[in-house]
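Analysis of the macromolecular model
What follows is the residue order along each chain.
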Amino acid sequence: MDVCQRRRGELLQYVRDKYGAERIAHIGVLSTFGTRGAVRAAGTCLGMPKQQVDVLAKLLPSFSGKGGIRHCLQTLPELQKLPLGKEPFKSLFQLAERLEGMPHQHSAHPSGMLLGDDRLARTIPLQLRPNGEPMTPLTKDDVKALGLLKIDLLGLRNLTVIHDTLASIRERAGGRLEVNDIPLGDAETFRTIGSGHTLGCFQLESMGIRRLMRTMQPCSIGDVADLLALYRPGAWNEGIVETYLRRRRGEESFEVPLPEMEPILSPTYGLILYQEQVMAVAQAVSGCSMGEADLLRRALAAKSADALAYYRQRFARGAAERGVANGDALAVFDFLARFAGYSFNKAHSVSYAYVAYWTVYLKTHFPKEYMASVLSGEGGYYDKKVYVREIARMGIPLLGPDVNRSGFGFQAEDEGIRAGLEAVQGSGPESVISLLRSRRRDGEFRAFPDWLKRMKANRIKRPVLEAWIAAGACDRFGGHRRGMIAALNEAPEKMAGNAVPAAIPDFAEPEKRKMEKALLGFPLQRTPTGKWRQFLRRFNIVPIEALSACSDNARIRICGTIIHSRRYPAGDGDYMLTLVLQDDTDMIEAVLYPTTYKAFLYELHPQGILLEGIVRMQNGQVRVVAHKIKALGG
């Protein structure tokens, strides 16, 4: 069960109250060292600088089994130029290889809970977590083997975003909007889905699924459920996605093997996308119960030779009793066996389709409220800076923090989205809560001395006050930032009005922008400077949103920030790299084939790159094949 992330604790308390605290425990997870974790642990043991080790660890894949480090050292271009035979690299990777795959720590499963019919301490071993809650060292597989009941209560950030968005809408517009009030056939929402502008929306953020949405053009909740079921490795590898799209566009006809299967498979164009379809076909053709059909589905997915032989005979016998010819029955069985391993749970897909649709609806019709909630929830699939650029693309101003208008997190205003005080690095929740409590109790801050007096009375430390001033949260008082920081040591009661030291010159505008970016993690002002516009003209930089108007194989130059990257094996021990680039207009996928990848891997600067390559158009979708890359250091 997926629940609001913020309120998951309430549900856990309800379960404890209902069934008894002695019958509830967290399920354990035994974590082992992966490639990155092993390198970091080895670096710590060897006393290497943390920053140096972190750079090396990030060159490795996030997840890998035993032998992953050796494979990476032999194949990844980023590691080829390291002097692996010299210290400290030799000892680092030798120790890391020994640690890789070893047990690291025992912790609680993020969602798994164990529910017993009696006191759990009588049945299984228990231990206390640091917060005092009981946990079993048994893993979910151990629990399953013992026949105990496991329940999953997962805190889902997107449900919290929906909750906060609806609360913001009620606060700003009045009335009461609930998810059940959202119309399920809204044309504008489906236009947004079809356009692929779904950054920040549940399950619909990756480049791959956005590309699939643009091709598929969903127009119903059922279509969105199909989309989520299709966007899985098995369906792609088996060619099911392309077949589905051709049949959906009417480019390919299909026939259902038996009339009994028509109502089951017609909605998905003769293809099996869902586990429930496997079970329904088995019941309709062989006459088995739904319980038996589920056992058949599991056997088909497991592909056990003995189980397949057993169920094949049983399926044919049941079908014969219903008048189905043996050859037709076995053809249907083979059809089910092909798709059973790739089918997805429909209840899951439809449930997620509703959540995905709600998020797109809210982004489409209440963009400020929704994107403010996304930022307050620390973003989503990508880093928060990606959503800041998305807000700029949507034409929504991002307003700086303000001691009289900001809340804890980001919030929607008439003029745009206001950054919360908690977004300022070093604030801390206690300091923000103290300021908000003071503002609610004594009213808005009338002047800088009034604000300073009340903050000192609440014992908020100087570094926090300095950070708020430097981020622009006190600009409304009229004094300049350097002067207000200098005045923090003065007694507020000795100041007259907004008085701050006038003799001290303020920070220059570039300094202010630099401090804002450092404290907030992103720039507040995204208007291109004259120097940047001159750079774009000089090198004929094409905005990413304009690439769709380019012809196939057109040579172009684009600039953007790398927001995602992924390596793929390219054969002969080589790798290719796929980048997702974002500028202020859109996002694009760029492919670096092995030769380009090796030649320019040290130009992949996290702050931005200049990429030269060609446009490739395929099925109406745009990609860029990179030929040259230059790092942009600012």
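Above this text sits the structure in question.
This text gives an overview of the structure that appears in the document. (Residues numbered from 1 in each chain as written. Predicted model: local features only at pLDDT ≥ 70, side-chain atom pairs only at ≥ 80, totals over all residues. Heavy atoms only, no water.)

**Quick look at helix α23 (residues 448–457)**
Burial runs high along α23: seven of the 10 residues are buried. F448, P449, D450, W451, L452, R454 and M455 are the residues of α23 that are buried. Looking at the packing, one finds that the buried side of α23 touches α22 (429–442), α24 (462–470) and α25 (481–486). Of the residues trailing α23, R459 is marked for its positive phi of about 60°. (Buried < 20%, exposed > 50% of the residue type's maximum accessible area, 1.4 Å probe, protein only. Helix = DSSP H or I, 4+ residues; strand = E, 2+ residues; numbered from the N terminus. Contact = heavy atoms within 4.5 Å.)

**What about the environment of P259?**
Along the polypeptide, P259 turns up in the loop between α13 (240–248) and α14 (262–265). Relative accessible area serves as the criterion here: at 65%, P259 is assigned to the exposed category. As a C-alpha pair, P259 and A284 span 25 residues in sequence and 9.8 Å in three-dimensional space.

**Overview of the side chain of S431**
With respect to the helices and strands, S431 occurs in helix α22. Residue classification places S431 among the buried residues on the basis of a relative accessible area of 14%.

**What about the sheet that holds strand β8 (residues 398–399)?**
Spatially, three strands are ordered β8-β10-β9 in an open sheet, and the strand pairing comes out mixed. Here the strands that pair on one side only, and so sit at the sheet edges, are β8 and β9 (411–413). As defined by bridge partners, β9 adjoins strand β10 (residues 416–418) across three bridges and the pair is classed as antiparallel. The residue of β10 that forms the bridge with A412 is I417. (Pairing = 2+ DSSP bridges.)

**Things to note about α24**
V464, L465, A467, W468, I469 and A470 are the residues of α24 that are buried. Packed against the buried residues of α24 are α22, α23, α25 and α26 (509–520).

**Comments concerning the pattern of salt bridges**
In the structure shown here, the tally under the stated rule is 48 salt bridges. A salt bridge links E238 to R338; the shortest N-O distance between them is 3.9 Å. Here R338 lies in helix α18 (residues 326–340) and E238 lies in the loop between α12 (233–237) and α13, a separation of 100 residues in the sequence. Accessibility expressed as a relative area gives 43% for R338, which makes it partly exposed. Close ionic contact of R405 with E413 constitutes a salt bridge, the shortest N to O distance being 3.0 Å. The class of E413 is buried, set by a relative accessible area of 6%. Counted as one network, the salt bridges with shared partners bring together D475, R481, D506, E509, K512, R513 and E516. (Salt bridge = Lys/Arg side-chain N within 4 Å of Asp/Glu carboxyl O.)

**Some remarks on the nonpolar core**
With 123 residues, the main nonpolar core has L336, W451 and W468 as its most contacted residues. Ignoring sequence-local partners within four residues, the contact set of W468 consists of L421, V424, S427, S431, V432, L435, W451, M455, I460, A473 and C474. One finds F33, L60, I609 and V615 within the second-largest nonpolar core, a separate group that totals 42 residues. (Core = buried A, V, L, I, M, F, W, Y, C linked by side-chain atoms within 4.5 Å.)

**A short note on the packing of aromatic side chains**
The tally for this structure, following the rule as stated, stands at 15 aromatic pairs. Ring plane angle 40° and centroid distance 6.4 Å describe the contact between W451 and F477, whose orientation is recorded as tilted. Here F477 lies in the loop between α24 and α25 and W451 lies in helix α23, a separation of 26 residues in the sequence. We note that W451, like F477, is buried. Sitting over the ring of Y19, K18 keeps its end group 5.9 Å from the ring centre. (Phe/Tyr/Trp six-rings, centres within 6.5 Å; stacked < 30°, edge-to-face > 60°. Lys NZ or Arg CZ within 6 Å of the ring centre and 35° of its normal.)

**Topic: the sheet that holds strand β14 (residues 609–618)**
Neighbouring strands of a sheet are bound in pairs by backbone hydrogen bonds; such pairs are parallel or else antiparallel. The sheet built from five strands closes into a barrel, its strands ordered β11-β12-β13-β15-β14 with mixed pairing. Neighbouring strand axes in the sheet, compared pairwise and without regard to direction, differ in orientation by 40° on average. As defined by bridge partners, strand β11 (residues 555–571) adjoins β14 across six bridges and the pair is classed as antiparallel. Each residue of the ladder has a partner; that of C559, found in β14, is L610. (Axes fitted to C-alpha atoms, helices over the stretch in contact; angles between N-to-C directions.)

**Some thoughts on the environment of E378**
Looking at the element boundaries, E378 is found in the loop between α20 (367–376) and α21 (384–393). A residue is classified by how much of its surface remains accessible, and E378, at 48% relative accessible area, is partly exposed. In sequence terms E378 and R7 are 371 residues apart; their C-alpha atoms lie 17 Å from each other. If near-sequence neighbours (up to four positions away) are discounted, E378 is found in contact with R157 and K384.

**What about unusual backbone geometry?**
Look at the link from E87 to P88: it is a cis peptide, with omega at 5°. In this fold, P88 is placed in the loop between α5 (77–80) and α6 (89–99). At Q203, a position not held by glycine, the phi torsion is positive, near 70°. Its place among the elements puts Q203 in the loop between α9 (187–195) and α10 (207–216). Its relative accessible area of 40% is what places Q203 among the partly exposed residues.

**Some thoughts on the packing of helix α15 (residues 275–286) against α18**
Following both chains from N to C, one finds α15 and α18 inclined at 170°, their axes separated by 11 Å at the closest point. In terms of axis orientation, α15 runs roughly antiparallel to α18. In this structure, α15 contributes V278, V281, A282 and V285 to the contact, and α18 contributes V332, L336 and A340. (Parallel < 35°, antiparallel > 145°, perpendicular 65-115°, else oblique.)

**A look at the packing of α23 against α24**
Between two packed helices, both the angle of their axes relative to each other and the distance between the axes serve to describe the pair. At a minimum axis distance of 11 Å, the contact between α23 and α24 shows a crossing angle of 150°. In terms of orientation, α23 and α24 fall into the roughly antiparallel class. The element α23 and its partner α24 pack so that their crossing is right-handed. Of the residues in α24, those touching α23 at F448, W451, L452 and M455 are L465, W468 and I469. Across the contact of α23 with α24, the residue classes break down as seven nonpolar, no polar and no charged. (Left-handed = near helix turned anticlockwise from the far one by under 90°. Nonpolar A, V, L, I, M, F, W, Y, C, P; charged D, E, K, R; others polar.)

Keep in mind that these numbers describe shape and distance, not what the molecule does.
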